[in-house]
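Results of the structural survey
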Amino acid sequence: MLRFNLWCVVLPACAMEELSLREHALAGAVARCAAQTAVHPLNVAKTVLQTKGGSSILKGAFKTPSLARLTFSRGIGAQALLSLPNGAINFLALEVDRAV
């Protein structure tokens, strides 16, 4: 796989480089962590709505900004930490499979 260097936007003469397996794993871990963290508040809202009385809980969460932040950020640290190895393994497996 080729790496796109951000300096290529500024310096068009730069070359594309191959990523090592370690760099693929790191890229996968960061990408999965960013995606899961960005979508986490939506998953929390969906889960709350699926419980009995969930709509009243969500209505109450929007009364103050601090309560909304507390409600929707519940478990975001664990989600971010658990998504790191998952993304790394997925990207690593994909790249090993491509190499074969």
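This write-up is about the structure you can find in this document. The structure displayed is predicted, hence computed values, not measured ones. (Residues numbered from 1 in each chain as written. Predicted model: local features only at pLDDT ≥ 70, side-chain atom pairs only at ≥ 80, totals over all residues. Heavy atoms only, no water.)

Our next topic: the overall build of the chain. The helix and strand inventory of the chain stands at five helices and two strands. Ordering the α and β elements of the chain from the N terminus gives β-α-β-α-α-α-α. For the chain, with 100 residues in total, the buried portion stands at 22%. In the chain, 57% of the contacts between residues at least 6 apart in sequence involve partners at least 24 apart. (Helix = DSSP H or I, 4+ residues; strand = E, 2+ residues; numbered from the N terminus. Buried < 20%, exposed > 50% of the residue type's maximum accessible area, 1.4 Å probe, protein only. Contact = heavy atoms within 4.5 Å.)

The packing of two helices is summarised by the inter-axis angle and the distance between the axes. Two elements in contact, helix 3 (residues 54-61) and helix 4 (residues 65-72), have axes separated by 8 Å at closest approach and are oriented at 135°. What the angle tells us is that helix 3 and helix 4 run oblique. Listed contacts from helix 4 to Leu58, Gly60 and Ala61 of helix 3 are Leu67, Ala68, Thr71 and Phe72. Of the residues assigned to the contact of helix 3 with helix 4, the class counts are five nonpolar, two polar and no charged. (Axes fitted to C-alpha atoms, helices over the stretch in contact; angles between N-to-C directions. Parallel < 35°, antiparallel > 145°, perpendicular 65-115°, else oblique. Nonpolar A, V, L, I, M, F, W, Y, C, P; charged D, E, K, R; others polar.)

Further remarks concern the nonpolar core. Core analysis: the largest hydrophobic core is formed by six residues, namely Val44, Ala45, Val48, Leu58, Ala68 and Phe72. Elements supplying a minimum of two residues to this core: helix 2 (21-50) and helix 4. In terms of residue count, helix 2 provides more of this core than any other element does, three residues in total. Beyond its immediate sequence surroundings of up to four residues, Val44 is in contact with Thr71, Phe72 and Arg74. (Core = buried A, V, L, I, M, F, W, Y, C linked by side-chain atoms within 4.5 Å.)

Here the focus is helix 2. Here helix 2 spans 40 Å end to end across 30 residues, near enough to the 44 Å set by a 1.5 Å rise per residue. Of all bends in helix 2, the biggest is about 45°, found at His40, and the proline Pro41 comes one to four residues later. Here helix 2 has its buried residues at His24, Ala25, Gly28, Ala29, Cys33, His40, Val44, Ala45 and Val48. In this fold, the buried residues of helix 2 make contact with helix 3, helix 4 and helix 5 (76-99). (Expected span 1.5 Å × (residues − 1). Bend = angle between axes of the 7 residues up to and from the residue.)

Considering the arrangement of structural elements, one finds His40 in helix 2. When near neighbours in sequence (up to four residues on either side) are disregarded, His40 contacts Phe72, Arg74, Gly75, Ile76 and Gln79.

For helix 3, the set of buried residues is Gly54, Leu58, Gly60 and Ala61. Viewed end-on, helix 3 has its buried residues packed into an arc of 160°, placing them on one side of the element. Contact partners of the buried residues in helix 3: helix 2 and helix 4. (Arc of directions from axis to C-beta.)

In this fold, Leu67 is placed in helix 4. On the basis of relative accessible area, Leu67 is assigned to the partly exposed category, the value being 35%. What Leu67 contacts, discounting residues up to four positions off in sequence, is Gly60 and Ala61.

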